[in-house]
Amino acid sequence: MSRGAPTGRCQLCGSVGKLSFEHVPPESAFNNRPVFLGDIKKMLDAKTVLPLRGGKQCQRGSGAYTLCERCNNNTGGWYGSAYVEWAVQAAYNLSRASGARTIDATYSIYPSRVLKQVLCMFFSANSNGLGQFHDAAKAVVLDKYARGLPDGLGVLAFITRSWLLRQAGFTGQLDIRNGQGYYFSEVAHPPFGFVMTWNCPKPDERLTDIRYFSTFDYDHLVRLSLRLYVLEVNTWAPCDYRTLPEIEEDIRDGQGQRADLPGHD
Ligand SMILES: [Zn+2]
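So, a few notes on the structure that sits alongside this text. Not measured: the values here are computed from a predicted model.

The rules we used
Residues numbered from 1 in each chain as written. Predicted model: local features only at pLDDT ≥ 70, side-chain atom pairs only at ≥ 80, totals over all residues. Helix = DSSP H or I, 4+ residues; strand = E, 2+ residues; numbered from the N terminus. Pairing = 2+ DSSP bridges. Axes fitted to C-alpha atoms, helices over the stretch in contact; angles between N-to-C directions. Buried ≥ 20, exposed ≤ 12 C-beta atoms within 10 Å, placed from the backbone. Core = buried A, V, L, I, M, F, W, Y, C linked by C-beta atoms within 7 Å. Contact = placed C-beta atoms within 7 Å.

Points about unusual backbone geometry
Cis rather than trans, the peptide bond between Val24 and Pro25 has omega equal to -5 degrees. On the secondary structure map, Pro25 appears in the loop between β2 (16-23) and β3 (35-37). For the peptide bond that leads from Pro190 to Pro191, omega is 10 degrees, which places it in the cis range. Inspection of the secondary structure assignment puts Pro191 in the loop between β9 (180-189) and β10 (192-198). Not every positive phi belongs to a glycine, and Asn199 is a case in point at roughly 55 degrees. Positionally, Asn199 belongs in the loop between β10 and β11 (208-209). Phi is positive for Cys239, close to 65 degrees, though the residue is something other than glycine. In this fold, Cys239 is placed in the loop between β12 (222-229) and α5 (244-252).

Focus on the sheet that holds β2
With antiparallel pairing, three strands are arranged side by side in an open sheet as β1-β2-β5. Every interior strand has two partners, whereas the edge strands, β1 (7-9) and β5 (63-68), have only one. The average undirected angle you get between the axes of adjacent strands in this sheet is 65 degrees. Strand direction decides the pairing type here: β2 and β5, joined by five bridges, are antiparallel. Each residue of the ladder has a partner; that of Leu19, found in β5, is Cys68.

Here's the deal with the pairing of β9
Regular strands show a simple pattern: their side chains alternate between the two faces of the sheet. With seven of its ten residues buried, β9 lies for the most part within the structure. Linkage of strand β8 (residues 166-175) to β9, two consecutive antiparallel strands, is achieved through a turn of four residues, within which Gly179 is found at a positive phi near 75 degrees. As judged from the six bridges shared by β9 and β10, these two strands associate in the antiparallel manner. In the strand pairing of β10, His189 is matched with Phe192. Between the antiparallel neighbours β9 and β10 lie two residues.

Here's the deal with the nonpolar core
Membership of the largest hydrophobic core comes to 56 residues, with the highest contact counts inside it found for Val114, Val118, Leu119, Met121, Phe122 and Phe194. Elements supplying a minimum of two residues to this core: β5, α2 (69-95), α3 (111-125), α4 (134-142), β7 (153-159), β9 and β10. Setting aside residues up to four positions removed in sequence, Met121 forms contacts with Val24, Pro25, Val187 and Phe194.

Quick look at the sheet that holds β11
The strand order β8-β9-β10-β7-β11 describes an open sheet built from five strands, whose pairing is antiparallel. Taken across any chain shown, the strands that pair with only one partner, and hence form the sheet edges, are β8 and β11. Bridge count between β8 and β9: eight bridges; the pairing is antiparallel. Paired with Gln173 across the two strands is Tyr182, which belongs to β9. Docked against the sheet, α3 engages β7, β8, β9 and β10, running at close to 105 degrees with respect to β9.

As structure tokens, then:
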């Protein structure tokens, strides 16, 4: 850790002290080059969903000083390489499937480790914590052998080749057509995107449920068949997977600014 590391509260274990740089996703999962991180608050202030200037450049990849050194090292050692192995397989499949809307593939993975790495990414992406299920999710991440997830917590996945990175802390959204409320957080970085939901249905039917990964043992390496949708990330709005032609059509129809922009916590 560098001497200039900031101090603060670890977003995973809660201890206060020096923080270390947590790559989200792990550095070896195609996250070792400079990235441009958008700022969702600026997007909301400007009332546009299209990419804006004003994000921040991160020379070392996507991430931030969010975890203490101990949590960073433990979770990186326990879960990081399993996640990277899955990302490499997915990137390979994606490279052979140009234009496909879904990718059906069998992966050789440690589901439990992968899921816990995904949980870590949500801890890093949510500076205000994970709300009511924070402690239960934290216990699952800090004990590498723990199984299961808190009731009501959903973990969903998609595949993407879009290089607009999205990280959004938990936000509420109301579908004005049917009154259904949603509460979700999203982390998207190719080749994957993940959505965490709390006590609500999927915000998009194309998202694949991977919550059951938590039922596997830590050391359980399996061959697992999955269908993942290939979704595009073209705006800053979390869970907005419209393609560019769809966005252009909405703009022509006078709906370029989504009526259902998420509200702040
Ligand atoms: Zn910690």
